[in-house]
Every structure is written in C-alpha cells, then in structure tokens.
Amino acid sequence: MPLPSRLRHLLDRFGATGSMLCAVHCAVIPLLLAAAPSLGLSFWLSDGVEKALVVFVTLLGLFSLVWGYRRHGALRALAFLIPGLVALWVGVLYDPLHHNAVPHAVVMTLGGLLVGIAHLVNLRLNHGHVHDASCAH
C-alpha cells in the first residue's frame, strides 16, 4: 500500500528538519555542557534523551526512505542514510567515543547531517522531475 504523496513529502521534510536540528544540537552540545546546570538544561544532555532521539531518527529515516525507495527505486538516499545512522549509533554506543566530548560531537554532527541529506535526497527523488537549466519547457 503506497503512502499518499503529501504524507511522503511531510515525512521527508520532518525527517530532514529534525536531522539538521540534531546536527546543530550535536555541534553546540560541547559549548552548552558548562552552562547546562546553571540553565536547568541537564536533562536534555542526558544519555537517555540522546539514545531516544537516535532511536526516533532511525525509525523515521528507515520508514520514510524505504517507502521512498519503493516508489522511485534509487539507492542514493539510502547511501546517505546508512552511514549517517552508523555514525549516530557508534557515537551513542561506543563508550570511548561517547565520553570524549569533541570527537563525540563531530561524529554525531556528521551522522545528523548525513541523515538530513538522505531525507532531502529522498524528497527530491520522490518529487520527480526537477526544473533546471536543462529543461526543454
């Protein structure tokens, strides 16, 4: 059963926006670590919240891109999604990396960017024809 076009576009836009926000979050976290306790933000920096976000990103990304692949049959979006998810999961589960602030932030930011790019590629593939300089009409 194919997903309606509007729902597919909404899922990809939601996924791309969420992934890009995740990448920004991961890039800014090292700066917020020192200020978090005084601002009452410690909860948002916890391991549980980070793992929950990675699970959510994984499920949304796989659902959205697998449905997109079934429609357009191109592997380009999955080629960005899989390394992005691997980076996110390694950043969360590999303890020596997880407890080293700067490398952790770099890996998580890269993973979030790759997942966001995957959603944007999938959105473009689902949209079909792209009007550019090579269009004949």
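A brief structural summary. (Residues numbered from 1 in each chain as written. Predicted model: local features only at pLDDT ≥ 70, side-chain atom pairs only at ≥ 80, totals over all residues. Heavy atoms only, no water.)

Its 18 residues give helix α4 (residues 76-93) an end-to-end C-alpha distance of 26 Å, which sits within 8% of 26 Å, the value for a rise of 1.5 Å per residue. If you check which residues of α4 are buried, you get Ala 77, Leu 78, Leu 81, Gly 84, Leu 85, Ala 87, Leu 88, Gly 91 and Val 92. Elements that come into contact with the buried residues of α4 comprise α3 (47-72), α5 (95-98) and α6 (101-127). (Helix = DSSP H or I, 4+ residues; strand = E, 2+ residues; numbered from the N terminus. Expected span 1.5 Å × (residues − 1). Buried < 20%, exposed > 50% of the residue type's maximum accessible area, 1.4 Å probe, protein only. Contact = heavy atoms within 4.5 Å.)

Our focus in this paragraph is the nonpolar core. Counting 12 residues, the largest nonpolar core is built from Val 54, Val 57, Leu 65, Ala 77, Leu 78, Leu 81, Leu 85, Leu 88, Val 92, Met 108, Val 115 and Ala 118. Of all the elements in the fold, those that place two or more residues in this core are α3, α4 and α6. Considering each element in turn, this core owes the most residues, 6 residues, to α4. Discounting chain neighbours no more than four positions away, the residues touching Val 115 are Ser 19, Val 57, Leu 81, Gly 84, Leu 85 and Leu 88. (Core = buried A, V, L, I, M, F, W, Y, C linked by side-chain atoms within 4.5 Å.)

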